[in-house]
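Report on the structure
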Amino acid sequence: MSEFRQLIFSGVQPTGNLHLGNYLGALQRFVALQDSYDCIYCVVDMHSLTATLVHDDLMEQTRAIAAAYLACGLDPKKNIIFNQSRVPQHAELAWIFNCVARIGWMNRMTQFKDKAGKDRENASLGLLAYPSLMAADILVYRATHVPVGEDQKQHLELTRDIAQKFNNDFSDRIAALGLGVEMMVGEEKVNGFFPLTEPLIEGPAPRVMSLRDGSKKMSKSDPSDLSRINLLDDADTIARKIKKAKTDPEPLPGDVEGLEGRPEADNLVTIYAALAGTTREQVIADFGGRQFSDFKPALADLAVEKLAPIGEEMRRIAGDPAYIDGVLRDGGERAGAMAEQTMKQVHQIVGLLVN
Ligand code: AQP
């Protein structure tokens, strides 16, 4: 009996400017993984309809994310890069997963609670069902690993729950059709059609916090632009935002333990370590005991050195929309062929008549 082939899938929504959190939590990881694994990287454009239905420039935003993927160093030949709406099987599998998942599971999602706010009854059904589409994005390729930031952990757990319930509910048919694949669940060997996908929440900065409030994650939807460093910010803007970043009055501590209870200092040290490719311990060894007035200019220089070239490359690539569309079209064809194969088997398992 075979095992699931190791396959990476991840995606980014085309909503607003990409920021340092997206870069350190996701894009930088995507690039690191491309040499060791088969990877599929998607611009999840249909997800961006869940909170805001009418966008002025959705296609432009989609191209901008694709440009960021390419500017960060993703190779479109080695990886599959495409936008979600080109492959209708994502939506088709999401419908089946809507029937597998339970409403209670969706109601518990903290992202839904945050984004729906107080007026939940008025949130779109799409916002509630978002994790079902996310599960379909991943499982339509039967992907085994998903690199994401820490904020996506709960959605990944739900993806596993959906896969597990589908495997259990249809276990007899999966076995009768010979479509099961062996996998380990804890100590137990089980058979299923969908893998129980593992999140890859690793790397030096899986949760980058706001520059204005160390208790909130850096986010595209934060109304304050000073809260984040956008990948398209120019050198002066990056330096200004770091200069204005909230800190406390104490100098940096002499050891990493001293960062506890100091979220803003902790965040800046983490960002420095992640951008420099070093450890937080090393940053503290270099800057411990020094004032933020010393540390911030060093961090600003480093951020400009690492991020400004990516922003420049994003702008250059964005200037050639025909090239970006070609990459997305080619990726969509390759992804579509894989998704079609999965859905043929899902139709058989579920018992839908298509011929
Ligand atoms: N602050 C963060 N630190 C580390 N990783 C992060 N990611 C997002 N914010 C951080 C990771 O980036 C990837 C793409 O995320 P997304 O744009 O598809 O959705 P998101 O998580 O909703 O991003 P934002 O910026 O937080 O958008 P809004 O404000 O709309 O909610 C994911 O892997 C995510 O974990």
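Being a predicted model, the structure only gives us computed values, none of them experimental. The numbers attached to residues start from 1 for each chain and follow its sequence in the written order. In view of the model being predicted, local features appear only for residues whose pLDDT reaches at least 70, and side-chain atom pairs are presented and counted only at 80 or more, with totals across whole chains, interfaces and linings using the full set of residues. In computing side-chain values, all of the structure's heavy atoms are included and hydrogens and water are not.

The next thing to look at is a positive patch on the surface. Patches were defined on residues exceeding 30% relative accessible area and lacking a salt bridge, with like-charge contacts within 9 Å and nonpolar side-chain contacts (Val, Leu, Ile, Met, Phe, Trp, Tyr) within 5 Å. Residue burial considers only the protein chains on display, and all accessible areas are found by Shrake-Rupley using a 1.4 Å probe. Salt bridges are counted wherever a side-chain nitrogen of Lys or Arg sits within 4 Å of a carboxyl oxygen of Asp or Glu. The charge count treats Lys and Arg as positive and Asp and Glu as negative. His and the chain ends do not count. All charge positions are set by atom: Lys at NZ, Arg at CZ, Asp at CG, Glu at CD. On the surface, Arg 212, Arg 240, Lys 243 and Lys 244 cluster together to form a positively charged patch. Note on placement: Arg 240 falls in helix H9 (residues 235-244). Buried, partly exposed and exposed residues are distinguished by accessible area as a fraction of the type maximum, computed with a 1.4 Å probe on protein chains only: under 20%, between the cut-offs, and over 50%, respectively. Assessed through its relative accessible area of 41%, Arg 240 is described here as partly exposed. Only runs of H or I of at least four residues qualify as helices and only runs of E of at least two qualify as strands under DSSP, and these elements are numbered from the N terminus.

Before going further, it helps to examine the layout of surface pockets. The gaps left among the atoms become clear once a water-sized probe is rolled over them. Residues are said to line a cavity or pocket when one of their atoms sits within 4 Å of a point; the points come from a 1 Å grid over protein atoms alone, cavities being sets where a 1.4 Å probe fits but cannot get out and pockets being open sets with protein on both sides within 12 Å along at least five of seven lines. Grid points are joined across faces, edges and corners, and a volume is the space filled by probe spheres set on the points. In this structure, the second largest pocket occupies an estimated 490 Å³ of space. What lines the second largest pocket is a set of 21 residues, among which Asn 98, Leu 125, Gly 126, Ala 129 and Tyr 130 lie closest to the centre. By residue number, the principal contributor to the lining of the second largest pocket is helix H6 (residues 125-139), which donates six residues. Residues are grouped as follows: nonpolar covers Ala, Val, Leu, Ile, Met, Phe, Trp, Tyr, Cys and Pro; charged covers Asp, Glu, Lys and Arg; every other residue, Gly included, is treated as polar. Considered class by class, the residues forming the lining of the second largest pocket number 15 nonpolar, five polar and one charged.

Let us look at the domain arrangement of the protein chain. Partitioning the protein chain into structural domains gives domain 1 (7-205 + 320-350) and domain 2 (225-317). Each partner contributes residues to the interface: domain 1 has 19 residues there, and domain 2 has 15 residues. Buried area counts how much accessible surface, traced with a 1.4 Å probe, disappears from two parts once they are put together, with both parts' losses summed. Taken together, the two surfaces of domain 1 and domain 2 that pack against each other cover about 1,400 Å², and 76% of this comes from carbon and sulfur. Its largest share of buried area at the contact with domain 2, domain 1 owes to Leu 20, Tyr 23 and Ala 71, together 35% of the area lost on that side. The interface formed by domain 1 and domain 2 includes zero salt bridges. Two N or O atoms count as a polar contact when they lie within 3.5 Å, although within protein this holds only if one can serve as hydrogen donor and the other as acceptor, and sequence-adjacent residues are included solely when both atoms are side-chain atoms. Run the count over domain 1 and domain 2 and you get three residue pairs in polar contact (both at pLDDT 80 or more). With six residues, helix H2 (residues 58-72) is the single largest residue contributor to the side of domain 1 that touches domain 2. Taken together, the residues of the side of domain 1 that touches domain 2 sort by class into 15 nonpolar, three polar and one charged. Residue ranges for the domains trace back to a domain assignment, done automatically or taken from a database. Only heavy atoms matter for contacts: two residues are in contact if any of them lie within 4.5 Å across the pair.

Once that is clear, we can look at the site of the ligand. Neighbouring the ligand are 20 residues, the closest being Asp 151, Lys 217, Ser 219, Lys 220 and Ser 221. At 2.8 Å from a nitrogen atom of the ligand is found a main-chain nitrogen or oxygen belonging to Val 208. At a separation of 2.5 Å, an oxygen atom of the ligand approaches a polar side-chain atom of Lys 217. Out of a free accessible area of 640 Å², the ligand has 95% covered by protein chains. Looking at which element gives the most residues to the shell around the ligand, the answer is helix H1 (residues 20-33), with four residues. Here the shell around the ligand is built from residues that sort into six nonpolar, nine polar and five charged. Here, proximity means that at least one heavy atom of the residue falls within 4 Å of the molecule or strand.

Our focus in this paragraph is the pairing of strand S6 (residues 188-192). Walk down a regular strand and you will see the side chains alternate between the two sheet faces. By this definition, two strands are paired if DSSP reports at least two bridges between them. In terms of strand pairing, strand S5 (residues 181-185) meets S6 through five bridges, oriented antiparallel. Residue pairing in the sheet places Glu 182 in a bridge with Asn 191 of S6. Remark: two residues form the turn of the hairpin made by S5 and S6, two consecutive strands paired antiparallel; Gly 186 in that turn has positive phi of roughly 60°.

Another point: the packing of aromatic side chains. Only Phe, Tyr and Trp rings take part, Trp by its six-membered ring, and two of them pair if their centres are within 6.5 Å. Stacked means planes under 30 degrees apart, edge-to-face means over 60, and tilted covers everything else. One pass over the structure, following the stated rule, counts 13 aromatic pairs. Geometrically, the ring pair formed by Phe 30 and Tyr 41 is stacked, given 4.4 Å between the ring centres and 15° between the ring planes. Of the two residues, Phe 30 is situated in helix H1 and Tyr 41 in strand S2 (residues 38-43); the sequence distance between them amounts to 11 residues. For Phe 30, a relative accessible area of 0% puts it in the buried group. Tyr 41 gets classed as buried once you look at its relative accessible area, which sits at 0%. Grouping aromatic residues by their ring pairs yields a cluster made of Phe 97, Phe 166, Phe 170, Phe 193 and Phe 194. Look at NZ for Lys and CZ for Arg. If either is within 6 Å of the ring centre and within 35 degrees of the ring normal, a charge sits over the ring. Just above the ring of Phe 193 sits the side chain of Arg 142; from NZ or CZ to the centre is 3.8 Å.

Burial along strand S3 (residues 80-83) is two-sided: Ile 80 and Phe 82 facing one way and Ile 81 and Asn 83 facing the other are all buried. Pairing of S2 with S3 involves four bridges; the strand directions are parallel. Across the sheet, Tyr 41 pairs through a bridge with Ile 81, a residue of S3. The path from the first strand over the helix to the second decides the hand: if it runs clockwise while the strands point away from the viewer, the crossover is right-handed. Regarding the hand of the β-α-β motif, the stretch spanning S2, H2 and S3 is right-handed.

Evaluated as defined, the whole model comprises 20 salt bridges. Notably, a salt bridge pairs Asp 325 with Arg 63, separated by 2.7 Å at the nearest N-O pair. Taken as a pair, Asp 325 in helix H13 (residues 321-350) and Arg 63 in helix H2 lie far apart in primary sequence, 262 residues in all. Of the two residues, Asp 325 and Arg 63, neither departs from the other in class, the shared state being buried. Close ionic contact of Asp 294 with Arg 290 constitutes a salt bridge, the shortest N to O distance being 3.5 Å. Residue Arg 290 is classed as partly exposed on the basis of its relative accessible area, which comes to 34%. By sharing partners, the salt bridges in this structure join Asp 225, Arg 228, Asp 233 and Lys 241 into a single network.

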